Amino acid sequence: MTQPADDRALEQRAGVSELRLAAGDPRLVPQNDARHEDLPLDRNQAILQAAKQVGSILKKEEHPFALAGSVAVYAHGGTQNLQHDVDFCIRPEDAEAVASTLRDAGLAVYTPPEDWLLKANCLGQQVDLIFELAHEPVTEQLLARAQDLSVDSVLMPVLSPTDLLRGLLAAFSEHHCDFGAVLPIARTLREKIDWDELRRDCGDAPMPAAFFFILERLEIISPAPSENSANSMNSANSMNSANSANSANSVKEEQ
(Lines give C-alpha, C1' and ligand atoms only; values in the text may rest on other atoms or scores of the structure.)
Protein backbone atom coordinates (compact mmCIF):
# COMPACT_ATOMS: atom_id res chain seq x y z
CA MET A 1 0.00 0.00 0.00
CA THR A 2 1.42 3.40 -0.96
CA GLN A 3 1.38 6.16 1.62
CA PRO A 4 3.59 9.25 1.58
CA ALA A 5 6.00 9.43 4.49
CA ASP A 6 6.80 12.73 6.17
CA ASP A 7 10.22 14.04 7.14
CA ARG A 8 10.15 11.93 10.29
CA ALA A 9 9.84 8.70 8.36
CA LEU A 10 13.21 7.47 9.60
CA GLU A 11 12.36 8.07 13.25
CA GLN A 12 11.03 5.16 15.27
CA ARG A 13 7.34 5.48 16.20
CA ALA A 14 6.79 5.58 19.93
CA GLY A 15 5.63 2.28 21.33
CA VAL A 16 6.85 0.23 18.35
CA SER A 17 10.38 -0.95 18.94
CA GLU A 18 12.71 -2.13 16.20
CA LEU A 19 11.86 -5.61 14.98
CA ARG A 20 14.48 -8.00 13.72
CA LEU A 21 14.29 -10.45 10.88
CA ALA A 22 12.23 -13.53 11.70
CA ALA A 23 14.04 -16.48 13.18
CA GLY A 24 11.06 -18.82 13.42
CA ASP A 25 10.94 -22.37 12.14
CA PRO A 26 10.56 -22.06 8.34
CA ARG A 27 8.93 -25.48 8.23
CA LEU A 28 5.77 -23.94 9.71
CA VAL A 29 5.18 -22.05 6.46
CA PRO A 30 7.29 -24.05 4.01
CA GLN A 31 6.22 -21.95 1.01
CA ASN A 32 7.93 -18.92 2.52
CA ASP A 33 11.23 -20.08 1.03
CA ALA A 34 9.68 -22.09 -1.76
CA ARG A 35 11.26 -22.33 -5.15
CA HIS A 36 9.67 -20.30 -7.91
CA GLU A 37 8.03 -23.35 -9.47
CA ASP A 38 6.25 -24.11 -6.17
CA LEU A 39 4.37 -20.79 -6.24
CA PRO A 40 1.09 -20.30 -8.12
CA LEU A 41 1.79 -19.34 -11.72
CA ASP A 42 -0.72 -16.49 -11.60
CA ARG A 43 0.50 -13.47 -9.60
CA ASN A 44 -3.03 -12.54 -8.50
CA GLN A 45 -3.52 -16.03 -7.08
CA ALA A 46 -0.17 -15.85 -5.31
CA ILE A 47 -1.24 -12.59 -3.62
CA LEU A 48 -4.57 -14.15 -2.61
CA GLN A 49 -2.79 -17.17 -1.15
CA ALA A 50 -0.53 -14.90 0.91
CA ALA A 51 -3.55 -12.90 2.14
CA LYS A 52 -5.32 -16.11 3.16
CA GLN A 53 -2.21 -17.44 4.92
CA VAL A 54 -1.57 -14.31 6.98
CA GLY A 55 -5.27 -13.72 7.66
CA SER A 56 -5.66 -17.26 8.95
CA ILE A 57 -2.66 -16.84 11.26
CA LEU A 58 -3.97 -13.57 12.70
CA LYS A 59 -7.46 -15.02 13.14
CA LYS A 60 -6.14 -18.08 14.94
CA GLU A 61 -4.28 -15.92 17.46
CA GLU A 62 -7.29 -13.54 17.75
CA HIS A 63 -5.39 -10.40 16.80
CA PRO A 64 -7.64 -7.45 15.87
CA PHE A 65 -7.04 -6.69 12.18
CA ALA A 66 -8.71 -5.91 8.88
CA LEU A 67 -7.74 -6.64 5.31
CA ALA A 68 -7.07 -3.50 3.25
CA GLY A 69 -5.73 -2.53 -0.16
CA SER A 70 -6.51 -4.15 -3.50
CA VAL A 71 -7.35 -7.53 -1.96
CA ALA A 72 -10.00 -5.83 0.18
CA VAL A 73 -11.45 -4.23 -2.96
CA TYR A 74 -11.54 -7.70 -4.52
CA ALA A 75 -13.33 -9.08 -1.44
CA HIS A 76 -15.99 -6.37 -1.84
CA GLY A 77 -16.63 -7.42 -5.42
CA GLY A 78 -13.86 -5.70 -7.36
CA THR A 79 -11.98 -7.27 -10.22
CA GLN A 80 -9.12 -9.67 -9.58
CA ASN A 81 -6.53 -7.16 -10.70
CA LEU A 82 -4.43 -7.09 -7.56
CA GLN A 83 -1.51 -4.80 -6.86
CA HIS A 84 1.98 -5.83 -5.86
CA ASP A 85 1.36 -6.66 -2.20
CA VAL A 86 -1.10 -7.58 0.55
CA ASP A 87 -2.23 -4.98 3.09
CA PHE A 88 -3.53 -5.53 6.63
CA CYS A 89 -4.51 -2.87 9.17
CA ILE A 90 -3.51 -3.45 12.79
CA ARG A 91 -3.52 -1.22 15.86
CA PRO A 92 -0.17 0.41 16.80
CA GLU A 93 -0.26 -1.20 20.23
CA ASP A 94 -0.59 -4.65 18.64
CA ALA A 95 2.38 -4.34 16.28
CA GLU A 96 4.85 -6.20 18.51
CA ALA A 97 2.43 -9.05 19.22
CA VAL A 98 1.47 -9.41 15.55
CA ALA A 99 5.11 -9.47 14.51
CA SER A 100 5.87 -12.12 17.13
CA THR A 101 2.97 -14.26 15.93
CA LEU A 102 4.12 -14.09 12.32
CA ARG A 103 7.73 -14.83 13.29
CA ASP A 104 6.57 -17.88 15.19
CA ALA A 105 4.76 -18.99 12.02
CA GLY A 106 8.05 -18.80 10.12
CA LEU A 107 7.53 -15.50 8.30
CA ALA A 108 10.21 -12.86 7.88
CA VAL A 109 9.13 -9.64 9.59
CA TYR A 110 11.12 -6.42 9.42
CA THR A 111 10.86 -2.67 9.99
CA PRO A 112 11.19 -0.54 6.82
CA PRO A 113 12.30 3.12 6.80
CA GLU A 114 8.64 4.18 6.71
CA ASP A 115 7.40 4.55 10.27
CA TRP A 116 3.74 3.70 9.67
CA LEU A 117 3.94 -0.03 8.95
CA LEU A 118 5.81 -3.29 9.29
CA LYS A 119 6.59 -5.63 6.42
CA ALA A 120 6.59 -9.40 6.11
CA ASN A 121 7.19 -11.98 3.40
CA CYS A 122 4.75 -14.82 2.82
CA LEU A 123 4.76 -17.28 -0.06
CA GLY A 124 7.14 -15.00 -1.92
CA GLN A 125 4.76 -12.02 -1.61
CA GLN A 126 5.19 -8.78 0.31
CA VAL A 127 2.77 -8.21 3.18
CA ASP A 128 2.28 -4.72 4.68
CA LEU A 129 1.10 -4.54 8.29
CA ILE A 130 -0.19 -0.97 8.51
CA PHE A 131 -0.79 0.76 11.84
CA GLU A 132 -1.26 4.27 10.39
CA LEU A 133 -3.48 5.29 7.47
CA ALA A 134 -2.60 8.73 6.05
CA HIS A 135 -0.78 9.60 9.30
CA GLU A 136 -3.76 8.66 11.46
CA PRO A 137 -3.40 5.65 13.81
CA VAL A 138 -5.52 2.61 13.07
CA THR A 139 -8.16 2.61 15.79
CA GLU A 140 -10.43 0.08 17.40
CA GLN A 141 -13.39 1.93 15.86
CA LEU A 142 -11.96 1.54 12.36
CA LEU A 143 -11.49 -2.20 12.84
CA ALA A 144 -14.95 -2.52 14.38
CA ARG A 145 -16.48 -1.17 11.15
CA ALA A 146 -14.80 -3.93 9.14
CA GLN A 147 -17.04 -6.52 7.50
CA ASP A 148 -16.46 -10.27 7.64
CA LEU A 149 -16.14 -11.36 4.02
CA SER A 150 -14.91 -14.40 2.15
CA VAL A 151 -11.48 -13.92 0.62
CA ASP A 152 -11.11 -16.77 -1.84
CA SER A 153 -13.01 -19.07 0.61
CA VAL A 154 -11.34 -17.79 3.81
CA LEU A 155 -13.55 -15.59 6.03
CA MET A 156 -11.80 -12.57 7.53
CA PRO A 157 -12.53 -8.93 8.51
CA VAL A 158 -12.23 -6.50 5.60
CA LEU A 159 -12.20 -2.70 5.81
CA SER A 160 -15.52 -1.16 4.84
CA PRO A 161 -15.68 0.39 1.35
CA THR A 162 -16.09 3.87 2.84
CA ASP A 163 -13.02 3.45 5.06
CA LEU A 164 -11.03 2.00 2.16
CA LEU A 165 -11.65 5.05 0.01
CA ARG A 166 -11.24 7.48 2.92
CA GLY A 167 -7.71 6.20 3.48
CA LEU A 168 -6.85 6.62 -0.20
CA LEU A 169 -8.29 10.13 -0.40
CA ALA A 170 -6.59 11.26 2.81
CA ALA A 171 -3.23 10.14 1.38
CA PHE A 172 -3.50 12.50 -1.61
CA SER A 173 -0.94 15.31 -1.62
CA GLU A 174 1.00 17.50 -4.05
CA HIS A 175 3.60 14.74 -4.27
CA HIS A 176 1.22 11.78 -4.36
CA CYS A 177 -2.00 12.25 -6.28
CA ASP A 178 -2.66 9.27 -8.54
CA PHE A 179 -6.34 9.66 -9.40
CA GLY A 180 -6.00 6.98 -12.07
CA ALA A 181 -5.30 4.29 -9.48
CA VAL A 182 -8.22 5.25 -7.23
CA LEU A 183 -10.81 5.97 -9.93
CA PRO A 184 -11.53 2.28 -10.77
CA ILE A 185 -11.99 1.54 -7.05
CA ALA A 186 -14.48 4.38 -6.64
CA ARG A 187 -16.35 3.25 -9.75
CA THR A 188 -16.50 -0.39 -8.64
CA LEU A 189 -17.59 0.31 -5.05
CA ARG A 190 -19.71 3.42 -5.61
CA GLU A 191 -22.96 1.74 -4.52
CA LYS A 192 -21.38 0.62 -1.23
CA ILE A 193 -19.71 3.91 -0.26
CA ASP A 194 -21.22 6.60 1.95
CA TRP A 195 -20.37 9.60 -0.25
CA ASP A 196 -21.97 12.14 2.08
CA GLU A 197 -19.69 10.96 4.89
CA LEU A 198 -16.61 11.14 2.67
CA ARG A 199 -17.50 14.64 1.52
CA ARG A 200 -17.87 15.74 5.15
CA ASP A 201 -14.55 14.15 6.15
CA CYS A 202 -12.41 14.92 3.10
CA GLY A 203 -14.26 17.40 0.87
CA ASP A 204 -12.57 20.54 2.23
CA ALA A 205 -9.09 19.33 1.17
CA PRO A 206 -8.15 20.38 -2.39
CA MET A 207 -7.08 16.97 -3.75
CA PRO A 208 -10.14 14.98 -2.58
CA ALA A 209 -12.38 17.86 -3.69
CA ALA A 210 -10.85 17.66 -7.17
CA PHE A 211 -11.38 13.89 -7.18
CA PHE A 212 -15.04 14.31 -6.24
CA PHE A 213 -15.41 16.80 -9.10
CA ILE A 214 -14.01 14.24 -11.56
CA LEU A 215 -16.38 11.56 -10.26
CA GLU A 216 -19.32 13.95 -10.70
CA ARG A 217 -18.34 14.88 -14.25
CA LEU A 218 -18.00 11.18 -15.12
CA GLU A 219 -21.45 10.65 -13.55
CA ILE A 220 -20.07 8.06 -11.16
CA ILE A 221 -21.60 9.96 -8.24
CA SER A 222 -24.29 12.63 -8.05
CA PRO A 223 -23.20 16.24 -7.53
CA ALA A 224 -23.38 17.46 -3.99
CA PRO A 225 -26.23 19.93 -3.44
CA SER A 226 -24.86 23.47 -3.50
CA GLU A 227 -25.22 25.72 -0.47
CA ASN A 228 -27.44 28.10 -2.44
CA SER A 229 -29.69 25.24 -3.52
CA ALA A 230 -29.93 24.00 0.04
CA ASN A 231 -30.76 27.49 1.30
CA SER A 232 -33.37 27.92 -1.45
CA MET A 233 -34.92 24.59 -0.57
CA ASN A 234 -35.05 25.52 3.11
CA SER A 235 -36.63 28.86 2.25
CA ALA A 236 -39.21 27.17 0.01
CA ASN A 237 -40.06 24.68 2.74
CA SER A 238 -40.44 27.50 5.26
CA MET A 239 -42.73 29.43 2.92
CA ASN A 240 -44.82 26.33 2.26
CA SER A 241 -45.16 25.72 5.97
CA ALA A 242 -46.13 29.34 6.56
CA ASN A 243 -48.69 29.26 3.76
CA SER A 244 -50.18 26.06 5.11
CA ALA A 245 -50.45 27.56 8.57
CA ASN A 246 -52.10 30.72 7.19
CA SER A 247 -54.58 28.65 5.18
CA ALA A 248 -55.46 26.62 8.25
CA ASN A 249 -56.02 29.80 10.28
CA SER A 250 -58.25 31.24 7.55
CA VAL A 251 -60.40 28.14 7.50
CA LYS A 252 -60.79 28.32 11.26
CA GLU A 253 -61.81 31.99 11.13
CA GLU A 254 -64.42 31.31 8.44
CA GLN A 255 -65.91 28.51 10.53
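Residues numbered from 1 in each chain as written. Predicted model: local features only at pLDDT ≥ 70, side-chain atom pairs only at ≥ 80, totals over all residues. Heavy atoms only, no water.

Student: Summarise the overall build of the chain; cite the residues concerned and give the values.
Tutor: Scanning the chain from N- to C-terminus turns up nine helices and nine strands. Here the chain holds 255 residues, and the buried ones make up 43% of them. Long-range contacts, defined here as pairs at least 24 residues apart, represent 69% of the contacts in the chain between residues at least 6 apart. Summed over all atoms, the accessible surface of the chain reaches about 14,100 Å², with 48% contributed by carbon and sulfur. (Helix = DSSP H or I, 4+ residues; strand = E, 2+ residues; numbered from the N terminus. Buried < 20%, exposed > 50% of the residue type's maximum accessible area, 1.4 Å probe, protein only. Contact = heavy atoms within 4.5 Å. Areas by Shrake-Rupley, 256 points an atom, 1.4 Å probe, with all protein chains shown as cover.)

Student: Talk me through the confidence of the model for the chain; I want residue IDs and the actual numbers.
Tutor: Mean pLDDT over the chain works out to 82, with 73% of the residues at or above the 70 mark. Averaged pLDDT values over the elements of the chain bottom out at 54 in helix α9 (residues 227-254) and peak at 98 in strand β1 (residues 66-68). In the model, residues 5-27 has pLDDT below 50 throughout and makes 47 contacts with residues more than four positions away in sequence or in other chains. Segment residues 30-37: pLDDT under 50, and 11 contacts once partners within four positions in sequence are set aside and those in other chains are kept. (pLDDT = per-residue confidence, 0-100.)

Student: Hey, could you go over the pattern of salt bridges for me, with residue numbers and the actual values?
Tutor: Per the stated rule, a full pass over the model turns up 10 salt bridges. A salt bridge links Asp152 to Lys52; its shortest N-O distance comes to 3.3 Å. Residue Asp152 is located in the loop between β8 (147-151) and β9 (154-158), and its partner Lys52 is located in helix α1 (residues 43-60); the two are separated by 100 residues in the primary sequence. Asp152 sits in the partly exposed class, given a relative accessible area of 26%. A relative accessible area of 13% means that Lys52 is categorised as buried. With a closest N to O distance of 2.9 Å, Asp163 and Arg145 form a salt bridge. In this pair, Asp163 sits in helix α5 (residues 161-170) while Arg145 sits in the loop between α4 (140-144) and β8, placing the two residues 18 residues apart along the sequence. With relative accessibility at 41%, the residue Arg145 sits in the partly exposed group. (Salt bridge = Lys/Arg side-chain N within 4 Å of Asp/Glu carboxyl O.)

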